[in-house]
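Single-letter residue listing:
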Amino acid sequence: MRRLDDTEIDEVLIRNGIGVLALVDGTQPYAIPISFGYDAEEMVFPMQWGGGYSSRKSEAIESNPNVCLTVYEQDADDPAIWRSVVVTGEIYEIEDADTEQADASLAANAEFPPDLGVWGIPFEDVEFRLFGLATDNCTGREFATEYGGWDG
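Cut-offs and rules
- Residues numbered from 1 in each chain as written.
- Predicted model: local features only at pLDDT ≥ 70, side-chain atom pairs only at ≥ 80, totals over all residues.
- Heavy atoms only, no water.
- Helix = DSSP H or I, 4+ residues; strand = E, 2+ residues; numbered from the N terminus.
- Polar contact = N/O pair within 3.5 Å; in protein donor to acceptor, adjacent residues only side chain to side chain.
- Phe/Tyr/Trp six-rings, centres within 6.5 Å; stacked < 30°, edge-to-face > 60°.
- Patch = residues over 30% accessible without salt bridge, like charges linked within 9 Å, V, L, I, M, F, W, Y side chains within 5 Å.
- Areas by Shrake-Rupley, 256 points an atom, 1.4 Å probe, with all protein chains shown as cover.
- Salt bridge = Lys/Arg side-chain N within 4 Å of Asp/Glu carboxyl O.

(A) Looking closely at the side chain of aspartate 39. Relative to the helices and strands, aspartate 39 is located in the loop between strand E3 (28-35) and strand E4 (47-49). Polar side-chain contacts of aspartate 39 include one of 3.1 Å to the side chain of glutamine 101.

(B) Just the packing of aromatic side chains, in detail. Applying the stated criterion across every chain yields a total of 2 aromatic pairs. On the basis of an interplanar angle of 40° and a centroid distance of 5.4 Å, the ring pair of tyrosine 38 and phenylalanine 45 is categorised as tilted. Through a chain of ring-to-ring contacts, three or more aromatic side chains come together here, namely Phe36, Tyr38 and Phe45.

(C) Structural context of a nonpolar patch on the surface. A surface patch of nonpolar side chains, amounting to about 320 Å² of accessible area, comprises Tyr72, Trp82 and Phe143. Positionally, tryptophan 82 belongs in strand E6 (residues 81-93).

Everything listed is a geometric property; what it means functionally is a separate question.
Printed below as a string of structure tokens:
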């Protein structure tokens, strides 16, 4: 296993537009798959989801904004190599005045299902909110059988 440098971390986050967002729901962890956009200059992750203001996600964020986003990938050329990036920080709702940059980040690399009606609600009735992640810590690692151990 080896640590990824900042450039390699950026590359993983740019290549991948979906990850697992872990929230705190009371005393329980609550992890969900989520699409995200990535702005490498500000280490901000605008995220968009449906479900309204009374969803479990919304209630968890309002009670505790500390989250962890994990993004991982298997190397396209060598399936024995895996990379992961773990980002921790506070999630916040993006103000209306700042949505243009957030929308651009989403358009650049977020991954969405082909049919956004997956919630069982007609698309026009789904409320979308944009969130960012103020990063406290960001680490990346690469795992491969050839390493045979940890490089520190």
